[in-house]
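Summary of structural features
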Amino acid sequence: AQSVTQPDIHITVSEGASLELRCNYSYGATPYLFWYVQSPGQGLQLLLKYFSGDTLVQGIKGFEAEFKRSQSSFNLRKPSVHWSDAAEYFCAVLNYGQNFVFGPGTRLSVLP
Amino acid sequence: DSGVTQTPKHLITATGQRVTLRCSPRSGDLSVYWYQQSLDQGLQFLIQYYNGEERAKGNILERFSAQQFPDLHSELNLSSLELGDSALYFCASSHKAGANTGELFFGEGSRLTVL
């Protein structure tokens, strides 16, 4: 069965620092890959998605993610974190004919 | 605003009771998904409907049921509630049923507390 792992439960960075959130998936074929963000008290919002093509995808709020087939990874990055980026981040996969599978999430805290 | 509306936002009830959570998808979206989010289980897929028909079933308990009505709104019924059912229940919608579903649009959730 396909699965998604996010090795970091909680990450703390200083405002202005760079950020990388890790995501690894387990599936035989290349799935569709997503990153969602959940702000406190809110539902999940899509940051970006990868279906095919260029392995570096750009998303909203200055985020980007890189798909690496050899590592089964889809890590999320941001060059300079803002205080408003503090939230929970979920990686998700969707394979053809299947449903979305979400990772456990990584909580991001931002220090002033 | 995602366009997905969930009611109620908060609900407190007692063990053994039954509740109904309601979801109105984005205009034009045919698929509705229900997810349960708890601290120990994370975001768990419960069930999906597409244009009124059940499309996929996840980790949904037999005490729980759902349906999607002709106007495409959906209801999640939770019965014989237990303390462990306390969670945030999300509804999400998308336009297509399966592959190339693309983006899921999430509501703000219904927080259920079972006392």
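Attention here is on the structure that accompanies the text. Note that the structure is predicted; figures quoted are calculated from it, not measured.

Quick notes on the interface of chain B and chain A
- Listed per partner, the contact involves 19 residues of chain B and 18 residues of chain A.
- Summing both partners gives a buried area of about 1,500 Å² for chain B against chain A, and 59% of it is carried by carbon and sulfur.
- For the interface between chain B and chain A, the tally reads zero salt bridges.
- Put simply, chain B and chain A have two residue pairs in polar contact (both at pLDDT 80 or more) between them.

Quick notes on the pattern of salt bridges
- Scanning the model with the defined rule gives ten salt bridges over all chains in all.
- In this structure, the salt-bridge partner of E66 of chain A is R77 of chain A, at a minimum N-O distance of 3.1 Å. You can see E66 of chain A sitting in strand β8 (residues 64-68) and its partner R77 of chain A sitting in strand β9 (residues 73-78), a full eleven residues away along the chain.
- A residue is classified by how much of its surface remains accessible, and R77 of chain A, at 23% relative accessible area, is partly exposed.
- As a salt-bridge pair, E108 of chain B and K9 of chain B come within 3.6 Å of each other at their nearest N and O atoms. Taken as a pair, E108 of chain B in the loop between β10 (105-106) and β11 (110-114) and K9 of chain B in the loop between β1 (5-7) and β2 (10-13) lie far apart in primary sequence, 99 residues in all.
- Using a relative accessible area of 39% as the deciding quantity, one classes E108 of chain B as partly exposed.
- One network of salt bridges, with partners in common, ties together E64, E66 and R77 of chain A.

The rules behind these values
Residues numbered from 1 in each chain as written. Chains lettered and ligands numbered in written order. Predicted model: local features only at pLDDT ≥ 70, side-chain atom pairs only at ≥ 80, totals over all residues. Heavy atoms only, no water. Contact = heavy atoms within 4.5 Å. Buried area = accessible area lost by both parts, 1.4 Å probe. Salt bridge = Lys/Arg side-chain N within 4 Å of Asp/Glu carboxyl O. Polar contact = N/O pair within 3.5 Å; in protein donor to acceptor, adjacent residues only side chain to side chain. Helix = DSSP H or I, 4+ residues; strand = E, 2+ residues; numbered from the N terminus. Buried < 20%, exposed > 50% of the residue type's maximum accessible area, 1.4 Å probe, protein only.

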